[in-house]
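Structural characterization, general
Here is what each chain is made of, one letter per residue.
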Amino acid sequence: MNDMFKIFLTAMLIENVVLMRFLALCPFIGMSTDVKKSTGMGAAVLFVMVMATAVTYPLYTFVLMPLDLGFLKILTFILVIASLVQLVEFYLKKMAPALYSSMGVYLALITTNCAILAVTFDVITKGYSFPQALVYSAGGAVGFLLSMVLLAGIRERIKIAPIPAFLKGTPILFVAAALLSMAFGGFAGLIK
């Protein structure tokens with residue numbers, strides 16, 4: 001199997017930021033009420049995650065490390081992510097106002113989305129090259145999108161399912177998310 005494809009699959013399925021690492025649970029639960037909103041949030045995260053990696057990787061490798069400023073990594077990466085989220089916010093406000101208003105506070109929360117920060121750190125700690133880093137971040141973002149859309153689809157089914165009264169609402173949502181997480185655990189041995 002191609003190394004780039006392995007990296008992509010690893011990020012998307014085996015190390016899924018939501019279902020296997022339990023990061024970004026706030027947008028995962030809050031924005032998965034329907035498939036359209038989930039897809040919009042996933043697309044926004046895809047853009048921000050890949051662009052954040054494209055900016056932070058060379059910034060860390062060619063500026064922070066040579067100047068012995070590695071301790072500024074968190075601050076620098078968060079500033080880059082916040083700037084990219086502002087670009088997404090401006091774009092959605094102008095081009096997709098309905099999606100912009102439906103995302104509400106969750107759009108701004110992409111700035112503090114720990115999944116994006118985790119992926120930008122992962123590509124450095126794993127020692128990936130720049131192209132590998134971009135593929136890993138794209139895989140991580142597609143994994144986020146996939147988990148959001150899957151939970152949104154499950155939530156739409158739950159609305160019409162005969163659920164016992166004690167499980168209605170949040171309890172059944174967490175049961176569904178846990179079962180989805182367990183299903184993703186089955187991908188653990190996929191790539192050797």
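Everything numeric here is computed off the predicted structure, so don't read it as measured data.

Calculation criteria
Residues numbered from 1 in each chain as written. Predicted model: local features only at pLDDT ≥ 70, side-chain atom pairs only at ≥ 80, totals over all residues. Heavy atoms only, no water. Salt bridge = Lys/Arg side-chain N within 4 Å of Asp/Glu carboxyl O. Helix = DSSP H or I, 4+ residues; strand = E, 2+ residues; numbered from the N terminus. Buried < 20%, exposed > 50% of the residue type's maximum accessible area, 1.4 Å probe, protein only. Expected span 1.5 Å × (residues − 1). Contact = heavy atoms within 4.5 Å. Phe/Tyr/Trp six-rings, centres within 6.5 Å; stacked < 30°, edge-to-face > 60°.

Summed over the entire model, instances satisfying the criterion amount to two salt bridges. One salt bridge connects Glu 15 with Lys 126, and the closest N-O pair in it is separated by 3.2 Å. Of this pair, Glu 15 sits in the loop between helix H1 (3-14) and helix H2 (25-30) while Lys 126 sits in the loop between helix H7 (114-125) and helix H8 (130-160), placing them 111 residues apart in sequence. Residue Glu 15 is classed as partly exposed on the basis of its relative accessible area of 21%. Classification of Lys 126 by relative accessible area gives partly exposed; the value is 35%. We note a salt bridge from Asp 122 to Arg 21, for which the minimum N-O separation is 2.5 Å. Here the residue Asp 122 occupies a position in helix H7, and Arg 21 occupies one in the loop between H1 and H2, the gap between them amounting to 101 residues. Arg 21 gets classed as partly exposed once you look at its relative accessible area, which sits at 30%.

Let us look at H7. A rise of 1.5 Å per residue sets the reference length of H7, with its 12 residues, at 16 Å; its end C-alpha atoms lie 16 Å apart and thus fit the reference within 8%. Taken together, the buried positions of H7 are occupied by Ala 115, Ile 116, Leu 117, Ala 118, Val 119, Thr 120, Phe 121, Asp 122, Val 123 and Ile 124. Tucked into the core, H7 has its buried residues touching helix H3 (35-64), helix H4 (73-95) and H8. Looking one or two residues past H7, Gly 127 carries a phi angle of roughly 75°, positive in sign.

The tally for this structure, following the rule as stated, stands at five aromatic pairs. Look at Tyr 128 and Tyr 136: their rings are 5.5 Å apart centre to centre, the planes differ by 45°, and that puts the pair in the tilted class. When sorted by exposure, Tyr 128 lands in the same class as Tyr 136, which is buried.

Geometric values such as these leave the question of function open.
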